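Descriptive analysis of the structure
Here is what each chain is made of, one letter per residue.
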Amino acid sequence: LDPKPFNSVLAGDLRSPLNNEYILFLGRLDKAKGLDYLIESFGNVADKVSFDLVIAGPDQANYQSLVNESKKLNVLEKNGRIKFLGSVASTKKLLLIYNAKAFFLPSVGEGFSMAILESLFLGCPVFATRECNISEIFKKKAAVEIYRNISKIELSLLYLYNNPKSIREVGARGREYAQKKYDIK
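Before going into details, it helps to say that this report is about the structure given with it.

Definitions and cut-offs
- Counting of residues starts from 1 at the beginning of each chain's written sequence and follows it residue by residue.
- Given that this is a predicted model, residues contribute local features only at a pLDDT of at least 70 and side-chain atom pairs are listed and counted only at 80 or more, while totals for whole chains, interfaces and linings are drawn from all residues.
- Working from all heavy atoms in the structure, the side-chain values ignore hydrogens and water.
- The way it works is that DSSP assigns letters per residue, a run of H or I at least four long becomes a helix, a run of E at least two long becomes a strand, and they are numbered from the N terminus.
- Here the aromatic set is Phe, Tyr and Trp, taking the six-membered ring for Trp, and pairing holds for ring centres within 6.5 Å; pairs whose planes are under 30 degrees apart are stacked, those over 60 apart are edge-to-face, and all others are tilted.
- Note on classification: 1.4 Å probe, protein chains only; a residue is buried when its accessible area is under 20% of the maximum for its type, exposed when over 50%, partly exposed between these limits.
- When DSSP finds at least two bridges between two strands, those strands are taken to pair.
- Handedness of a crossover is defined as follows: orient the strands so they point away from the viewer, and if the path from the first strand over the helix to the second runs clockwise, the crossover is right-handed.

Topic: unusual backbone geometry
Its identity as a non-glycine residue notwithstanding, Asn133 has a phi of 60°, on the positive side. Looking at the secondary structure, you find Asn133 in the loop between β5 (126-129) and α7 (135-139). With a phi close to 55°, Lys141 is a non-glycine residue in the positive phi region. Counting through the fold element by element, Lys141 comes out in the loop between α7 and β6 (144-146).

Structure (structure tokens):
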């Protein structure tokens, strides 16, 4: 990883580019990333949590239309609870990660996810599936394992909301793990 973008973000203004608390999905928007599970799960618990769902990345599978077709999800988007940002540039991307309550990736399979690594480095708690190939990080309790199942993702969202101290500790362990394991200095 190139340390320059991280150093410039961490040395600069760390305010969020968004106004509300949010969880973040960052990556290519396609079925393999499990975004449909996350969107539906969030829609089912949105009235029980105060954070929003922010989705950033190129929309290759037209998820925007999926949200528009669902009355419940469409209302959430119109009320600003679900936000589609499209592709985001380097500094804005890192600020989005840094300020997120958590990063979610319910993917069916990943190689080496840069978004997970960037989240770990910035201390953003990671919620991901085992298929993201980060089992060592789960063993170190530096990330939270989730499953591609609507009700289980709902439980993860509620756990995040109801256990902020525990989740901050996950983020801190993730940052410590990433700094020890990967050198960006």
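So, next bit.
As for the packing of aromatic side chains
Counted according to the given criterion, the structure contains three aromatic pairs. Pairing Phe42 with Phe51 gives two aromatic rings, centres 6.5 Å apart and planes at 35°, and the pair type is tilted. Just as Phe42 is buried, Phe51 falls in that class too. Put simply, the rings of Phe42, Phe51 and Tyr161 pair up and form one aromatic cluster.

Some points on the pairing of β5
Here β5 shows no split at all, with Val126 and Ala128 on one side and Phe127 and Thr129 on the other all buried. Direction of pairing for strand β4 (residues 102-105) relative to β5: parallel, over a ladder of three bridges. The residue bridging Leu105 from the neighbouring strand is Ala128, located in β5. Where the polypeptide runs from β4 across helix α6 (residues 114-121) and back to β5, its parallel neighbour, the crossover connection is right-handed. With three bridges joining them, β5 and β6 adopt parallel strand pairing.

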